[in-house]
Amino acid sequence: MSNRPTGRSTGRPGPGRARLALALAALLGGGALTALPAQAAPAAADGLSVQYRTSAGGATADQTEPWLKVRNTGSSPVQLSQVKVRYYFKADSPSDTYRFACSWAVRGCSVVTGTFGTLGNPTATADRYLEIGFTQAAGTLAPGADTGDLQLRFHRANWQTLRQSDDYSFNGAQTSYANWDKVTAQLAGATVWGTAPQGNDPTDPTDPPGGGQSLFDDFDYSSHTDPAISAHGWNVRANSGGPGVPGATWDPSKVTFVSAGGNSVMNLETSTAGTGASTTHTEVLTRATKFRNGTYAARVKFSDAPKSGPDGDHLVQTFFTINDLKAPMADDYAEYDFEYLPNGGWGEPANILYTTSWETYNPEPWQAVNQHSEQRRSYTGWHDLVVTIDDSAITYYVDGQHFGTHDAQYLPERPMSINFNQWLIDLNGQTSTAPRAYDQQVDYVLHVKDQVLTPAQVAAKVAGYRNAGTGFVDEVPAT
């Protein structure tokens, strides 16, 4: 255990004090504190049926459009988050990736998830599947009720024409809803409807024993106003307050999405002209505080130099998790940081990367209980950042290499949100009034609940999502 490192105690506003106001505002605005319905018991073994129709019946099409309804035919309520439906198809080429979209759903597209998988035993009509799931917010399905329309679609990532006439689950003649047993449905991991392609009885690899539910996002959005950002649980910060330069604003329009290395990446821009009023910071965070033990990973591009204007500002570029401080020195506070300072700050003269695990702090007078690791060198460029939390320790990795392990005293007692931000500590590093701007970029974020993955396993999991054409999934249950 150590208190805040020498040189960081003076001048640093304290990420806990500054960020918790933001986290609370975002949570209250996003309704993340709403009580969840009681967990429903699974229905009887024959408790689900699936109806299907298509709105794109041609042998070839720009996209496949399987519209579905899931009905509870049992006698007990069904928690929709326990339901998985699979639609099986033949890839147009072995290297193809696919993109999923929900056009409309009675319960809202924000509660519907779609991921792609590869069959272990390919057949002449199927080697892939689209798995439809539901978030906790989808609620329950009463006996005799159905979900209503799930107007779904998927397409090749390159938008080339696809052939669907050879797809196992496709029926071009079925243009009105009817029961369809060439899709399968699972309830709490047990198959209760349909027949899979031969030799491919469905299992539920996304929800193995001991956790494993994942959040993955490759940040493929059009702009900060893209409705999918909110639908996927993110908040782009616009409210005022710390951390950083007094009088600065948090500008959502400075969060943009660009192409880099063939992937869409999120770009956070921070700028200043040497005054508080001219300073803009950026932050993106999950509205939900539902993440605790497991693996957290992100690929982040740090920058040593501004993209324009004079260099030297005391900049902080981050990837972190956090919850709120209920009271000064409350021992159920938690925060786990990657913080890169390209130009020093907090008493440091040059670039430094910190990882810090927080137990608690007191805002006034400042007192901190944390443990940290650091490396004093440049980290400009892309880096794979991983932190794992189990019941014994917090372990940090950078680019596959061990960076630091922190003690069990600093383990989280409550769930947290996931955050990225870029901000200026002060204006002391560069006193010029010439405008300057800095970029931090994020390629993806991954959280796997209650499972500790190695950096190599993280890379494989991310590659698996991308190879399957999955740009977003959130299976992590609300708390």
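Residues numbered from 1 in each chain as written. Predicted model: local features only at pLDDT ≥ 70, side-chain atom pairs only at ≥ 80, totals over all residues. Heavy atoms only, no water.

Asks: What is the right way to read the environment of leucine 215 from this model?
Replies: Of note, leucine 215 is situated in strand β15 (residues 214-217). Once the C-alpha coordinates of leucine 215 and aspartate 474 are considered, the two residues, 259 residues apart in sequence, prove to be 4.3 Å apart. If we ignore the near neighbours within four places in the chain, the residues touching leucine 215 are Phe291, Ile418, Val445, Leu446, His447, Phe472, Val473, Asp474 and Val476. (Helix = DSSP H or I, 4+ residues; strand = E, 2+ residues; numbered from the N terminus. Contact = heavy atoms within 4.5 Å.)

Asks: Would you mind going over the state of the cysteines with me for this structure?
Replies: Working definition: the covalent bond between the sulfur atoms of two cysteines is a disulfide. Going through the model one piece at a time under the given rule, you end up with 1 disulfide. Two residues, cysteine 102 and cysteine 109, share a disulfide whose sulfurs are 2.1 Å apart. Looking along the S-S bond of the cysteine 102-cysteine 109 disulfide, the torsion reads about -70°, which is the left-handed sense. Judged by relative accessible area, cysteine 102 falls into the buried class, the value being 17%. (Disulfide = S-S within 2.5 Å. Buried < 20%, exposed > 50% of the residue type's maximum accessible area, 1.4 Å probe, protein only.)

Asks: Explanation requested: the sheet that holds strand β1 (residues 48-54) in the structure shown.
Replies: Within a sheet, neighbouring strands are paired by backbone hydrogen bonds and run either parallel or antiparallel to one another. Strands sit in the order β6-β10-β3-β1-β12 across an open sheet of 5 strands; the sheet is antiparallel. Of all the strands in the sheet, the pair left with one neighbour each is β6 (98-105) and β12 (178-179). In this structure, β6 lies alongside strand β10 (residues 150-156), joined through 7 bridges in antiparallel fashion. The partner of phenylalanine 100 across the bridge, within β10, is phenylalanine 154. (Pairing = 2+ DSSP bridges.)

Asks: I'm lost on the side chain of aspartate 443 in this one. Help?
Replies: Within the fold, aspartate 443 resides in strand β30 (residues 436-449). Among the polar contacts listed, one links the side chain of aspartate 443 to the side chain of arginine 466, at a separation of 2.9 Å. With near-sequence residues (within four places) excluded, aspartate 443 lies in contact with Asp217, Asp218, Phe219, Asn263, Ser264, Val265, Arg299, Trp382 and Arg466. (Polar contact = N/O pair within 3.5 Å; in protein donor to acceptor, adjacent residues only side chain to side chain.)

Asks: How do you make sense of the nonpolar core when you look at a structure like this?
Replies: Within soluble globular proteins, side chains that are nonpolar tend to cluster in buried spots. In terms of nonpolar packing, the biggest core is built from 40 residues, with Phe219, Trp234, Met266, Tyr296, Phe319, Ile394 and Phe420 touching the most fellow members. At 4 residues, the largest contribution of residues to this core is made by strand β21 (residues 294-302). In this structure methionine 266 touches Phe219, Val255, Thr256, Phe257, Val284, Phe420, Gln440, Gln441 and Val442, once residues within four positions along its chain are discounted. The next biggest cluster of nonpolar side chains, apart from the first, holds 34 residues, and it includes Ala105, Phe116, Val183 and Ala468. (Core = buried A, V, L, I, M, F, W, Y, C linked by side-chain atoms within 4.5 Å.)

Asks: What should I look at first to understand the pairing of strand β5 (residues 83-89) in this one?
Replies: Side-chain direction in a regular strand flips from residue to residue, so the side chains alternate between the two faces of the sheet. For β5, the tally of buried residues reaches 7 of 7 residues, placing the bulk of the element in the interior. Along β5, one buried face is formed by Val83, Val85, Tyr87 and Phe89 and the opposite face, lined by Lys84, Arg86 and Tyr88, is buried too. Where β5 meets strand β13 (residues 183-187), 5 bridges bridge the pair, whose relative direction is antiparallel. Paired with valine 83 across the bridge in β13 is leucine 187. Here 5 bridges tie β5 to strand β8 (residues 128-134), and the two strands are oriented antiparallel to one another. In the strand pairing of β8, arginine 86 is matched with glutamate 131.

Asks: Explanation requested: the packing of aromatic side chains in the structure shown.
Replies: Each pair of aromatic rings is reported with the distance of its centres and the angle of its planes. Scanning the model with the defined rule gives 27 aromatic pairs in all. Judged by centre distance (6.1 Å) and plane angle (75°), the rings of tyrosine 340 and tyrosine 379 are edge-to-face. Taken together, the positions of tyrosine 340 in strand β23 (residues 335-341) and tyrosine 379 in the loop between β25 (367-375) and β26 (381-389) put the pair 39 residues apart, joining distant regions of the chain. Taken together, the aromatic side chains of Tyr52, Tyr87, Phe89, Tyr98, Phe116, Phe154 and Trp180 make up a single cluster linked through ring pairs. Here arginine 237 stacks its cationic end above the ring of tryptophan 250, 3.9 Å away from the centre of that ring. (Phe/Tyr/Trp six-rings, centres within 6.5 Å; stacked < 30°, edge-to-face > 60°. Lys NZ or Arg CZ within 6 Å of the ring centre and 35° of its normal.)

Asks: Explain the pattern of salt bridges here, please?
Replies: Pairs can form between side chains of opposite charge once their charged atoms are near each other. Summed over all chains, the structure comprises 18 salt bridges. The salt bridge partner of glutamate 269 is lysine 307, with a shortest N-O separation of 2.6 Å. Within this pair, whereas glutamate 269 is found in strand β19 (residues 263-272), its partner lysine 307 is found in the loop between β21 and β22 (315-322), the two being separated by 38 residues in sequence. The class of glutamate 269 is buried, set by a relative accessible area of 14%. A cluster of three or more residues bridged by salt bridges with shared partners is formed by Lys254, Glu269, Lys307 and Asp439. (Salt bridge = Lys/Arg side-chain N within 4 Å of Asp/Glu carboxyl O.)

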